[in-house]
Amino acid sequence: MENIKLIIIADDDEDDRILIYDAFKEKSMNCDFVFARDGIDVMDYLNSTDRTNAEKNIIPDLIILDLNMPR
């Protein structure tokens, strides 16, 4: 069984987030996705105490970050 990869997609443009997501899904990648609108959302997710104990120890396998966005 293949491990599920965690991918964070951070982009302020929803269309870009959807395009990236669709590209991964088209390749039938076994991934879980977290979507963020900016860098602060990413940091909030990574530092969140609201996640379950299992999620707290998960380090993303990939963060796709738009460098040209506010915040």
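Our structure is the block above this text.
Calculation notes
Residues numbered from 1 in each chain as written. Predicted model: local features only at pLDDT ≥ 70, side-chain atom pairs only at ≥ 80, totals over all residues. Heavy atoms only, no water. Helix = DSSP H or I, 4+ residues; strand = E, 2+ residues; numbered from the N terminus. Polar contact = N/O pair within 3.5 Å; in protein donor to acceptor, adjacent residues only side chain to side chain. Contact = heavy atoms within 4.5 Å. Buried < 20%, exposed > 50% of the residue type's maximum accessible area, 1.4 Å probe, protein only. Pairing = 2+ DSSP bridges. Axes fitted to C-alpha atoms, helices over the stretch in contact; angles between N-to-C directions. Patch = residues over 30% accessible without salt bridge, like charges linked within 9 Å, V, L, I, M, F, W, Y side chains within 5 Å. Areas by Shrake-Rupley, 256 points an atom, 1.4 Å probe, with all protein chains shown as cover. Salt bridge = Lys/Arg side-chain N within 4 Å of Asp/Glu carboxyl O. Phe/Tyr/Trp six-rings, centres within 6.5 Å; stacked < 30°, edge-to-face > 60°.

Caption draft 1: Region of the structure containing the side chain of Asp38. Residue placement: Asp38 occurs in the loop between β2 (31–36) and α2 (39–47). A distance of 3.0 Å separates the side chain of Asp38 from the backbone nitrogen of Ile40, its partner in a polar contact. Looking at Asp38, its side chain comes within polar contact range of the side chain of Arg71, at 2.6 Å. Aside from chain neighbours lying at most four places away, what touches Asp38 is Met69, Pro70 and Arg71.

Caption draft 2: The environment of Asn30, seen in detail. Along the polypeptide, Asn30 turns up in the loop between α1 (14–26) and β2. We classify Asn30 as partly exposed; its relative accessible area is 34%. For the pair Asn30 and Leu6, spaced 24 residues apart in the sequence, the C-alpha separation amounts to 9.1 Å.

Caption draft 3: Geometry of the sheet that holds strand β1 (residues 5–10). A sheet is described by the order of its strands in space; here 3 strands give the open sequence β2-β1-β3, paired in parallel fashion. In the strand order of this sheet, the two ends are held by β2 and β3 (62–65), each with one partner. Adjacent strand axes in the sheet meet at a mean angle of 15°, parallel and antiparallel pairs treated alike. Sheet topology places β1 next to β3; 4 bridges connect them, and they run parallel. Paired with Ile9 across the strands is Ile64, a residue of β3.

Caption draft 4: A look at the environment of Ile7. Looking at the secondary structure, you find Ile7 in strand β1. Residue Ile7 is classed as buried on the basis of its relative accessible area, which comes to 3%.

Caption draft 5: Structural view of a nonpolar patch on the surface. Together, Ile63, Leu65 and Leu67 make up a nonpolar patch on the protein surface, roughly 320 Å² of accessible area in all. The topology assignment puts Leu67 in the segment after β3. Take Leu67: its relative accessible area is 77%, and that puts it in the exposed class.

Caption draft 6: The arrangement of the packing of aromatic side chains in detail. All told, the structure shown has 4 aromatic pairs when counted by the stated rule. Ring plane angle 65° and centroid distance 5.9 Å describe the contact between Phe24 and Phe33, whose orientation is recorded as edge-to-face. When sorted by exposure, Phe24 lands in the same class as Phe33, which is buried. Aromatic rings pair up to connect Tyr21, Phe24, Phe33 and Phe35 into one cluster.

Keep in mind these values describe shape, not function.
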